Amino acid sequence: MGNRVAREDFEWVYTDQPHADRRKEILAKYPEIKSLMGPDLRLKWIVCMMVVIQFLAFYLIKDLDWKWVLFWTYAFGSCINHSMTLAIHEISHNTAFGNNKAMWNRYFAMFANLPIGLPYSASFKRYHLDHHRYLGGDGVDVDIPTDFEGWFFCTRFRKFVWIILQPLFYAIRPLCINPKPISQLEVTNVVFQLSFNFLLYWLWGAKPVVYMLAGSMLGMGLHPISGHFIAEHYMFLKGHETYSYYGSLNLLTFNVGYHNEHHDFPSIPGRRLPMVKKIAAEYYDDLPQYTSWVKVLYDFIMDDALSPYSRVKRTLKGDVKQE
């Protein structure tokens, strides 16, 4: 558990990200894929159902013993809350109401944020679009770990701890890499969320609040679903910076596992990404892919060639227009 990872820096490349060129090539060959773009009319109803389920869970656990509160927090609440973060990911691409109703998507994302407990949606939108536009961009893409993470979390045990602490690093990384002025929407998100948290505590006490916040932290840490954080862009094979996952957990995560397809066509809702893979199969079938996020986590920890440094990084050229 004490072996140090051999990597001492990121994988610096001097080429553009592959997704824009592949998108052009696929659309030229299969123009019918354009018909898959646009909002997913089911998404808002699925999100509303999930919010209601968590509200019901808040009520049901308020009188349970603490041991059962903690059990259901990890067994159920963490799954729902992580899934809700991926619903917010979907909504950030305007797939709930479409591009013509951008603000409807922003406020709906704040509604979806409520069961998570941490004001997250408005900031996520701003940084996530940069991740798509400038994948691996030095000083812009905050999905890339900091140099401290790559330097310090360099043994198996430290990588294990790093995965547990993923929510912490995702929260502080933007402040270290690419801090932005606070927007009015972010202020609204914070006020809306903290008011809800206080109301929940006032109505039903501390247990639902612990269930909510701990569920979010646990669900994005050492949890099977959190394997997608590692699976999406960590370089298990040299020369490949985006990977897809085609396992059953896509059913709970709005098909975020179809990650090559998502980066190629970010305006296509997750529900339709399997159709992209089916239509343009020759572009995706031979790319590196996963069928188990749990195995991804295990391999990342145990493989001494992998660390937070195992990411493709590039220096951006020209004007950088951020969200």
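The chain appears in an unreviewed UniProt entry as Sphingolipid delta(4)-desaturase DES1 from Solea senegalensis. Quoted verbatim from the Function (unreviewed entry) field of UniProt, the annotation for the chain is "Has sphingolipid-delta-4-desaturase activity. Converts D-erythro-sphinganine to D-erythro-sphingosine (E-sphing-4-enine). Catalyzes the equilibrium isomerization of retinols." In its Sequence similarities (unreviewed entry) section, the UniProt entry covering the chain states "Belongs to the fatty acid desaturase type 1 family. DEGS subfamily."

## Describing the overall build of the chain
Regarding its fold elements, the chain presents 15 helices and four strands. Relative to the 2.2 N^0.38 estimate, which gives 20 Å for 323 residues, the radius of gyration of the chain is 20 Å and therefore close to what a compact globule would have. Overall, the chain is about 55 × 50 × 40 Å in size when its C-alpha atoms are taken along their principal axes. A buried classification covers 52% of the 323 residues belonging to the chain. Restricting the contact set of the chain to residue pairs at least 6 apart, pairs at least 24 apart contribute 79%. Of the roughly 15300 Å² that the chain leaves accessible, carbon and sulfur atoms contribute 65%. For the chain, the separation between the mean place of its 33 positive charges and that of its 30 negative charges on side chains is 5 Å.

## Quick notes on unusual backbone geometry
The phi torsion at Phe-254 lies on the positive side, around 55 degrees, for a residue other than glycine. Position of Phe-254 relative to the elements: it lies in the loop between β2 (244-245) and α12 (259-264). Taking the relative accessible area as the measure of exposure, Phe-254 reaches 16% and is therefore buried. Not every positive phi belongs to a glycine, and Asn-255 is a case in point at roughly 60 degrees. If you trace the backbone, Asn-255 turns up in the loop between β2 and α12.

## Thoughts on the layout of surface pockets
Roughly 1100 Å³ of internal volume is contained in the largest pocket. Looking at the largest pocket, it is lined by 41 residues, and the ones nearest its centre are Tyr-120, Phe-124, Tyr-170, Ala-171 and Pro-174. Every element with two or more residues in the lining of the largest pocket is listed here: α3 (66-92), α5 (121-133), α8 (166-177), α9 (184-204) and α11 (227-233). Residues of the lining of the largest pocket, tallied by class, amount to 24 nonpolar, 10 polar and seven charged. In this structure, the second largest pocket spans a volume of roughly 600 Å³.

## So, the packing of helix α4 (residues 102-113) against α9
Look at α4 against α9: their axes get within 10 Å of each other, and the N-to-C directions meet at 30 degrees. Here α4 is positioned roughly parallel relative to α9, judged by the angle of their axes. Handedness of the α4/α9 crossing: right-handed. Where α4 abuts α9, its residues Met-103, Arg-106, Tyr-107, Met-110, Phe-111 and Asn-113 lie against Leu-185, Thr-188, Asn-189, Phe-192 and Gln-193.

## Points about a nonpolar patch on the surface
Where nonpolar side chains cluster on the molecular surface, the patch consists of Ile-46, Met-49, Ile-53, Trp-68, Phe-71, Trp-72 and Phe-76 and spans about 640 Å² of accessible area. Sort the elements by how many residues they give to the nonpolar patch and α3 lands first, with four residues. Residue placement: Trp-68 occurs in helix α3.

## Considering empty space enclosed by the protein
Here the structure, examined in full by the defined rule, presents one cavity of 30 Å³ or more. Considered as a void within the structure, the largest cavity measures approximately 30 Å³ in volume. In this structure, the largest cavity is lined by Leu-135, Gly-136, Ile-144, His-233, Glu-241, Arg-311 and Val-312.

## A look at the UniProt feature "transmembrane region" (unreviewed entry) in the chain
Taken from the UniProt record, the annotation "transmembrane region" (unreviewed entry) applies to residues 43-61, 68-87 and 107-124. Annotated as 100% helix and 0% strand, the span residues 43-61 places its first and last C-alpha atoms 27 Å apart. The span residues 107-124 is 61% helical and 0% strand by assignment, and the distance between its end C-alpha atoms comes to 13 Å.

## Some points on the nonpolar core
Ranked by internal contacts, the top residues of the largest apolar core, which has 38 residues, are Val-47, Met-84, Ile-91, Trp-162, Ile-230 and Phe-300. Broken down by secondary-structure element, the contributors of at least two residues to this core are α2 (43-61), α3, α4, α7 (156-164), α11 and α15 (293-302). Element by element, the count of residues in this core is highest for α3, at six residues.

About the criteria used
Residues numbered from 1 in each chain as written. Predicted model: local features only at pLDDT ≥ 70, side-chain atom pairs only at ≥ 80, totals over all residues. Heavy atoms only, no water. UniProt positions renumbered as here; feature names shortened; annotations may be inferred. Helix = DSSP H or I, 4+ residues; strand = E, 2+ residues; numbered from the N terminus. Rg over C-alpha atoms; globule rule 2.2 N^0.38 Å. Buried < 20%, exposed > 50% of the residue type's maximum accessible area, 1.4 Å probe, protein only. Contact = heavy atoms within 4.5 Å. Areas by Shrake-Rupley, 256 points an atom, 1.4 Å probe, with all protein chains shown as cover. Lys, Arg positive; Asp, Glu negative; His and termini not counted. Charge placed at Lys NZ, Arg CZ, Asp CG, Glu CD. 1 Å grid on protein atoms, 1.4 Å probe; cavity = no way out; pocket = protein on both sides within 12 Å on 5 of 7 lines; lining within 4 Å. Points joined across faces, edges and corners; volume = space filled by probe spheres on them. Nonpolar A, V, L, I, M, F, W, Y, C, P; charged D, E, K, R; others polar. Axes fitted to C-alpha atoms, helices over the stretch in contact; angles between N-to-C directions. Parallel < 35°, antiparallel > 145°, perpendicular 65-115°, else oblique. Left-handed = near helix turned anticlockwise from the far one by under 90°. Patch = residues over 30% accessible without salt bridge, like charges linked within 9 Å, V, L, I, M, F, W, Y side chains within 5 Å. Salt bridge = Lys/Arg side-chain N within 4 Å of Asp/Glu carboxyl O. Core = buried A, V, L, I, M, F, W, Y, C linked by side-chain atoms within 4.5 Å.

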